[in-house]
Amino acid sequence: MSDASASVCRKRPEILNMGKRGVVADYAGEALYAGDLVNYPSRQGNGVRASDAIVRRTYFVRVEGRKFPMLKVQPTGTDSRSEKPRKTLRAEHVAATHVRLLRSNVTGEQDEGR
């Protein structure tokens, strides 16, 4: 490393970690990790309900050159509409822009990013 680049890195240490720029966040800017309890909209027939779920995995999808943050979530069965319960509790893939964090680290999973 040359003297010029070393002085820049001392002033701005984030330059060294350009590969780890950010985290997946909900629409309010709260960081999301595996094990968090979130709320998201889901379809039921012709309507929409608010559902609670546990985040299982965060990842990115590239569409037309842009990266979109996505979550794989496991529903808990708690929904806003209680007259018709869920038929299945299968894992779903949800865009992180439609999710709101309720509680952090509900399952007790340890994540390196915290």
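Here, the structure is the one placed above.
The following paragraphs examine the structure supplied in this document. Keep in mind it's a predicted model, so treat the numbers as computed, not measured.

## Some words on the overall build of the protein chain
- Helix and strand counts for the protein chain come out as 1 helix and 5 strands.
- Sequence-ordered secondary structure for the protein chain, helices as α and strands as β, is α-β-β-β-β-β.
- Burial status across the protein chain gives 29% buried among its 114 residues.
- Here the analysis covers contacts within the protein chain between residues at least 6 apart in sequence; of these, 49% occur between residues at least 24 apart.

## With respect to the packing of aromatic side chains
- In the structure shown here, the tally under the stated rule is 0 aromatic pairs.
- Of note, Arg57 hangs over the ring of Tyr59, and the distance from its end group to the ring centre comes to 4.3 Å.
- Stacked on the ring of Tyr27, the Lys or Arg Arg100 has its end atom at 5.9 Å from the ring centre.

## A look at the pattern of salt bridges
- Applying the stated criterion across every chain, the model contains 2 salt bridges.
- Between Asp26 and Arg100 there is a salt bridge whose closest N-O contact spans 3.1 Å. With Asp26 in the loop between helix H1 (3-11) and strand E1 (37-44) and Arg100 in strand E5 (residues 100-103), the pair connects residues that are 74 residues apart, well separated along the chain.
- Where Asp79 meets Arg49, a salt bridge forms, and the shortest distance between an N and an O atom there is 3.8 Å. Taken together, the residues Asp79 in strand E3 (residues 66-79) and Arg49 in strand E2 (residues 47-63) connect sequence positions 30 residues apart.

## Re unusual backbone geometry
- Positioned with a positive phi, Glu64 is a non-glycine residue whose angle comes to about 50°.
- The exposed category is assigned to Glu64, whose relative accessible area is 81%.
- For Asn105, which is not a glycine, the phi torsion comes out positive at approximately 50°.
- Assignment of secondary structure puts Asn105 in the segment after E5.

Scoring rules and cut-offs
- Chains are numbered independently. Their residues run from 1 in the order of the written sequence.
- Given that the model is predicted, a residue must reach a pLDDT of at least 70 before its local features are reported, and side-chain atom pairs must reach 80 or more before they are shown or counted; all residues, however, enter totals for whole chains, interfaces and linings.
- Values reported for side chains reflect all heavy atoms of the structure, with hydrogen atoms and water molecules removed beforehand.
- Note on conventions: DSSP H or I runs of at least 4 residues are helices, E runs of at least 2 residues are strands, and numbering of each starts at the N terminus.
- Three exposure classes are used, based on accessible area relative to the maximum for each residue type with a 1.4 Å probe and protein chains only: buried under 20%, partly exposed in between, and exposed over 50%.
- We call two residues contacting when some pair of their heavy atoms lies within 4.5 Å.
- Each pair of aromatic rings taken from Phe, Tyr and Trp, with Trp reduced to its six-membered ring, is defined by centres within 6.5 Å and is described as stacked if the planes are under 30 degrees apart, edge-to-face if over 60, and tilted in the remaining cases.
- Look at NZ for Lys and CZ for Arg. If either is within 6 Å of the ring centre and within 35 degrees of the ring normal, a charge sits over the ring.
- Salt bridges are counted wherever a side-chain nitrogen of Lys or Arg sits within 4 Å of a carboxyl oxygen of Asp or Glu.

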